[in-house]
Amino acid sequence: MHIAIVTNIPTPYLTDFFNRFADECAGRNATLHVFFSARTEPARAWAFEPKKFRFSHTVLPGLHLKAGSGMHHISPSLYPALGRFRPDIILCAGAWHMSATVLASLYGRVNGVPCLFWSEAHAQAVLHSGGPVARLRKML
């Protein structure tokens, strides 16, 4: 089984989580590959330390735009990268509206690959509970 994780940047807590996940995968005849949209973001105090990674990863090239209070990484190379990896399942970690999440969802839909969304948000963090934004979020 090939498991792809798509997320914005490596953080210390995600690095630990991905290391443990990779260890579990190795013991279960599965392969984990993490696709990062960038190495870091403004106002993130930690260093990019791939030597601490015990998992296979790719930092995708792309365009990085600050918009509002967040960063938006546009990484069109994710779609062909997923095609080369050929995942059996995709786990998207982060904001639902990241371009990588949209591309991973599209890849999953076109190729019949389950795509799961993992968010650290909670119901009170939802800014748009109705209207077109809510419909788009639900669709993705």
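Residues numbered from 1 in each chain as written. Predicted model: local features only at pLDDT ≥ 70, side-chain atom pairs only at ≥ 80, totals over all residues. Heavy atoms only, no water.

J.: Help me understand the side chain of serine 37 in this model?
T.: Among the structural elements, serine 37 can be located in the loop between β2 (31-36) and β3 (56-59). You can call serine 37 buried: its relative accessible area is 1%. If we skip the residues at most four places from it in the chain, serine 37 touches Thr7, Asn8, Leu60, His64, His73, Ser75 and Ala100. (Helix = DSSP H or I, 4+ residues; strand = E, 2+ residues; numbered from the N terminus. Buried < 20%, exposed > 50% of the residue type's maximum accessible area, 1.4 Å probe, protein only. Contact = heavy atoms within 4.5 Å.)

J.: Got a minute to help me understand the sheet that holds β3 in this structure?
T.: The strands making up a sheet are joined through hydrogen bonds of the backbone, oriented either antiparallel or parallel. Overall, parallel pairing links the 5 strands, which are arranged β3-β2-β1-β6-β7 in an open sheet. Bordering the open sheet on either side are β3 and β7 (115-118), each of which pairs with just one other strand. Each strand axis lies, on average, 20 degrees off the axis of its neighbour in the sheet, ignoring direction. With 4 bridges joining them, β2 and β3 adopt parallel strand pairing. Residue pairing in the sheet places valine 34 in a bridge with histidine 57 of β3. Running over the sheet, helix α3 (residues 99-111) touches β1 (2-7), β6 (89-93) and β7 and is turned about 160 degrees from β6. (Pairing = 2+ DSSP bridges. Axes fitted to C-alpha atoms, helices over the stretch in contact; angles between N-to-C directions.)

J.: Even after reading the chapter, I still don't get helix α2 (residues 78-85), so can you show me in this structure?
T.: One turn of an α-helix holds 3.6 residues; hence residues three or four places apart share an orientation. All of the buried residues in α2 are Leu78, Ala81, Leu82 and Phe85. Considered in projection along α2, the buried side chains sweep an arc of 100 degrees and stay on one side of the axis. In this structure, the buried side of α2 is in contact with β1, β2, β6 and α3. Phi turns positive, to about 60 degrees, at arginine 86, one or two residues after α2. (Arc of directions from axis to C-beta.)

J.: Would you take a moment to explain helix α1 (residues 12-26) for this structure?
T.: The end-to-end C-alpha distance of α1 is 21 Å, a good match for the 21 Å that 15 residues give at a rise of 1.5 Å each. Among the residues making up α1, those that are buried are Leu14, Thr15, Phe18, Asn19, Ala22 and Cys25. Buried positions in α1, seen along its axis, are confined to an arc of 140 degrees and lie on one side of it. (Expected span 1.5 Å × (residues − 1).)

J.: What's the story with the side chain of histidine 33 in this structure? I'm lost.
T.: You can see histidine 33 is positioned in strand β2. Relative accessible area serves as the criterion here: at 10%, histidine 33 is assigned to the buried category. Beyond its immediate sequence surroundings of up to four residues, histidine 33 is in contact with Ile3, Ala4, Ile5, Ser56, His57, Thr58 and Phe85.

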